[in-house]
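Now for the letters of each chain:
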Amino acid sequence: MRFTRSLRRGVAAIAAVALAGSLAACAQSEREDPGTGTSSGAVETKDTFVFAASSDPVMLDPAMASDGETFRVARQMFEGLVSTKPGTVELMPGLAESWEPSEDGKTYTFKLRSGVKFHDGTDFNGEAVCANFDRWYNWTGLNQNENITYYYGKLFKGFKTGKTGGIYESCEAPDPQTATIKLNAPFAGFVQAMTLSSFAMQSPAAIEKFDGNNTTGTVDDTRFSEYATAHPTGTGPFVFDSWERGEQVRLKRFDGYWGDKAKVSQVVIRTISDGKARAQELEAGTIDGYDLVAPADLAPLKEKGMQLLNRPPFNILYLAFNQKNKAFQDVRVRQALTHAIDRQAVVNSTLPEGSQVAKEFIPDLVTGYNDGVTEYPYDPEKAKQLLKEAGQENLELKFAYPTGVSRPYMPTPEDTFQVIKTQLEKVGIKVTPVAAKWSPDYLDMVQGENGTDKRDIHLLGWNGDYDDTDNFLGVFFAAKSNEWGFDNPELFKALKEARELPTVEEQKPAYEKINAMIADYAPGVPIAHPAPTLGFGAGVEGYVPSPVQDEVWNTVTIKP
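Residues numbered from 1 in each chain as written. Predicted model: local features only at pLDDT ≥ 70, side-chain atom pairs only at ≥ 80, totals over all residues. Heavy atoms only, no water.

**Quick look at the overall build of the protein chain**
Summing up its helical and strand segments, the protein chain has 17 helices and 26 strands in all. Burial statistics for the protein chain: of 560 residues in total, 57% are counted as buried. When the accessible area of the protein chain is evaluated, it comes to approximately 21500 Å², of which 48% is carbon and sulfur surface. Across the protein chain, 57 positive and 76 negative side-chain charges occur, with their mean positions spaced 3 Å apart. (Helix = DSSP H or I, 4+ residues; strand = E, 2+ residues; numbered from the N terminus. Buried < 20%, exposed > 50% of the residue type's maximum accessible area, 1.4 Å probe, protein only. Areas by Shrake-Rupley, 256 points an atom, 1.4 Å probe, with all protein chains shown as cover. Lys, Arg positive; Asp, Glu negative; His and termini not counted. Charge placed at Lys NZ, Arg CZ, Asp CG, Glu CD.)

**Regarding the pairing of strand β23 (residues 524–529)**
Within β23, six of the six residues are buried, which leaves the element mostly enclosed by the surrounding structure. Alignment of strand β19 (residues 356–357) against β23, held across two bridges, turns out to be antiparallel. By the bridge assignment for β23, Q356 is matched with H529. (Pairing = 2+ DSSP bridges.)

**Description of the nonpolar core**
L81, F133, F156 and F190 are the most contacted members of the largest nonpolar core, which totals 120 residues. With sequence-adjacent residues up to four places away left out, L81 is seen in contact with P93, G94, L95, A96, F110, L112, F124, V129, F133, M194 and M201. Counting residues in each nonpolar core, the second largest holds 30 residues, with A53, A262, V267 and L309 among its members. (Core = buried A, V, L, I, M, F, W, Y, C linked by side-chain atoms within 4.5 Å. Contact = heavy atoms within 4.5 Å.)

**Considerations on the pairing of strand β7 (residues 96–101)**
Pairing analysis gives five bridges linking β7 to strand β8 (residues 107–112), with the strands arranged antiparallel. In the strand pairing of β8, S98 is matched with K111. The turn joining β7 and β8, which pair antiparallel and follow one another in sequence, is formed by five residues; a positive phi near 75° is taken by G105.

**Observations concerning the sheet that holds strand β9 (residues 168–175)**
Pairing is antiparallel across the open sheet formed by four strands, whose spatial order is β7-β8-β10-β9. Here the strands that pair on one side only, and so sit at the sheet edges, are β7 and β9. For this sheet the average axis-to-axis angle between neighbouring strands, irrespective of direction, equals 20°. Each of β8, β9 and β10 (178–183) touches helix α3 (residues 126–137); the most contacted strand, β9, lies at about 165° to it. (Axes fitted to C-alpha atoms, helices over the stretch in contact; angles between N-to-C directions.)

**Regarding the packing of aromatic side chains**
Taken as a whole and judged by the stated rule, the model has 43 aromatic pairs. Ring geometry for F51 and W553: centres 5.1 Å apart, planes at 35°, overall tilted. Placement of the pair is F51 in strand β4 (residues 48–53) and W553 in the loop between β25 (540–541) and β26 (557–558), with a sequence separation of 502 residues. Look at W553 and you get buried, because its relative accessible area is 1%. For the pair F399 and F417, a centre-to-centre distance of 4.7 Å together with 65° between the ring planes defines the contact as edge-to-face. (Phe/Tyr/Trp six-rings, centres within 6.5 Å; stacked < 30°, edge-to-face > 60°.)

**Comments concerning the pattern of salt bridges**
Considering all chains together, one arrives at 29 salt bridges under this definition. For E90, the salt bridge is made with K85, and the minimal N-O distance between the two is 3.5 Å. Residue classification places K85 among the partly exposed residues on the basis of a relative accessible area of 39%. Here E281 and R270 are joined by a salt bridge, their closest N and O atoms 2.8 Å apart. Separated by eleven residues along the polypeptide, E281 in helix α8 (residues 275–284) and R270 in strand β15 (residues 266–271) bring together distant segments of the chain. Through salt bridges with shared partners, one network takes in E69, R72, D291, R311 and E551. (Salt bridge = Lys/Arg side-chain N within 4 Å of Asp/Glu carboxyl O.)

**A closer look at the confidence of the model for the protein chain**
Overall, the prediction assigns the protein chain a mean pLDDT of 91, with 92% of residues at 70 or greater. A low-confidence stretch, residues 2–41 (pLDDT under 50), is modelled with 93 contacts involving residues beyond four sequence positions or located in other chains. (pLDDT = per-residue confidence, 0-100.)

**Remarks on the sheet that holds strand β18 (residues 315–321)**
The strand order across the open sheet formed by six strands is β19-β23-β18-β22-β20-β21, and the pairing between neighbours is mixed. Taken across any chain shown, the strands that pair with only one partner, and hence form the sheet edges, are β19 and β21 (430–437). As judged from the four bridges shared by β18 and β23, these two strands associate in the antiparallel manner. Across the sheet, residue Y318 finds its bridge partner in β23, namely P526. Taken strand by strand, helix α11 (residues 343–350) contacts β19 and β23, and its axis lies near 40° from that of β23. Most of the contacts of helix α13 (residues 413–426) go to strand β20 (residues 396–403), to which it runs at about 165°, and overall it touches β18, β20, β21, β22 (457–463) and β23.

**Section: unusual backbone geometry**
Look at D211: it is not a glycine, yet its phi comes out positive at around 55°. In this structure, A522 is a non-glycine residue whose phi angle is positive, near 55°. Residue A522 is classed as buried on the basis of its relative accessible area of 3%.

**Section: the side chain of N322**
Take N322: it is sitting in the loop between β18 and α10 (331–340). Under the relative-accessibility criterion, N322 is labelled buried at 0%. Within polar-contact distance, the side chain of N322 engages the backbone nitrogen of K324 at 3.1 Å. In this structure N322 touches F328, T452, R455, D456, E483, W484 and G485, once residues within four positions along its chain are discounted. (Polar contact = N/O pair within 3.5 Å; in protein donor to acceptor, adjacent residues only side chain to side chain.)

**Describing the environment of K263**
Locating K263 in the fold gives a position in the loop between β14 (248–253) and β15. Here the alpha-carbon distance between K263 and N482, two residues 219 residues apart in the chain, equals 48 Å.

So, in C-alpha cells, the structure goes:
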C-alpha cells in the first residue's frame, strides 16, 4: 500500500488464520437464521459491527484512492474481478468466476458471474467491466495526477491523452458474461493487481449520474465528485448509508448481494486518531475492534479479555541510505551500516510479537523471494573495519524518523530510531536526529526534491498490495529517485525486463537474481516484516486477518 498516503510464512500467520477460521466456523455452527441476529440457545448477537479507524477515508471512490483507511471502507462496498483467499495472498474468484491469459501475456479473458447487481439495481456484466477500464484510461487533467489516481498510473503507465502511452489497449464484451482485456505489453502481475480495491468494479450508471469523474481544485486541495463523497456504488455485501466527516462512516447490509449475506445489518467505521483512545474504547465496549494495536497495549488488552489477532506479515520496514551523501557511494560504508544493525534486537524491543527479521526487501510470501542472498550478520567489529577501510572512521549522519504516526510496518518509529541510533553509535558513527511530523513534513523530506540534503539515512517501509515482486522492488528501485539517490542502470534494466515477462513462472528466476543483485548492492537495510495486530472484543467472531488487508466483514458476528 502506498506509503506516501497512509504489508515469511510462519507460525504466527498460520495461527492467526486458524483462530479466525475457527471463530467463523463456530459462528456458523451456532446460528439458526443469519438474518435474525440470534443463535441457538437464544443467545443474542449485536446487529452492528463498530470498527475504529485511525483516520477518515480520503473519499469513497477506490479508483481514486491509495490510502488504507479509504480501502478499508471500500472493501465492504466494492469488489474486483479477482479476490484473495481469506488469510492469504492466493487468488480466488471474485466477480469473475475464471480467467484465461493468452500465451503472449497481452490478453486476459474473464468469465463473469451471472445475476450480480450493483447497489443501484443495474446489472454487472461485460459492458460494465469495459466501462470501468475505459473510465480509468480516459481520465484527463487532475485525474491523471499520481496523488489522485496513483495505482492506475503506476501499473498501467499512461492514459489515452495527456500522459499518453501505457499498457492498456482495449476492452471488449462479446456477451454479458465475458470481458476481454487487451494490453500493449505483457504484465504478468495483471490478474494479481485486479485484487486491489483501486480496480474494483463500480456502477457506470451511478458514476455518470453523480458526475464521478469531476475532480476539481488542486492536487493539494482536491474537490472530489458527488459520487466519490456521497454515492459510491458497488456490488459488495454492504451499501453506503452516510458519512459524518471526522466522525464515522455508516454502511448497511445489501440484501441483494449475490454471495453470503452479511450477518450484521449495519457497520460503523468510527474515526479515532489516537491509538491509546482506541484501546480504551475497546476495553469499554464502545467499539468492537481496531487495527494497529500498539505493542505497549498488547499485554493490557489481553489481560482484560480482549482478542488479539496478528495479520500475516506482508510488508517491509527498512533503513534507507541517501547516496547523495558521497560516503554512501562507497559500498563498504553501506555494508558497514548493515553489519552495525542488530535487526533481531530491533524486532524484540520495538515490534509486535510475530514480527520477523528481514534479509531482503520482500517477505517470503512473495514470488521471487531468494533465500540464498548475501547476508550481513550483526557484527560491530566488521562494521568498524569496513568504515576504517573506507576512510570513514569519523562518519557523521543525519538520521531522520517520523513522529506522531503508527504504520503497519513501523508501529513505534521513535522507539525503532532510538535502538538503531544506539547501535550505530556503538561502531563510532555520530548520529544527528532529524525528527519530523509524518505528513507532509517527513514524507516531503525523505521523498521530495528539497529533502535530499536534510537527511543521510531514514526509516520508511511499505505494505504489499498483492503477490507481485514488482509491487515491492519496482516501487523502491525501478528508477532514479529522491529517496535513494543512486543511479544503477543495470538494476533498473533488470527490473523493467522482469516486469514485462509474460508469466509468473518466467518472472520467478529473474526476480531471484534481482534480489541477489540488491543484496550485494546494499542500498539500505531491510530490517523486519512486522506483524500488525488487530484487537477485538471477546464476543467478535468470524474476522479473518488478511496479509493485504483484504478483509470483508460479511462473516462477522458479535455476541454481547
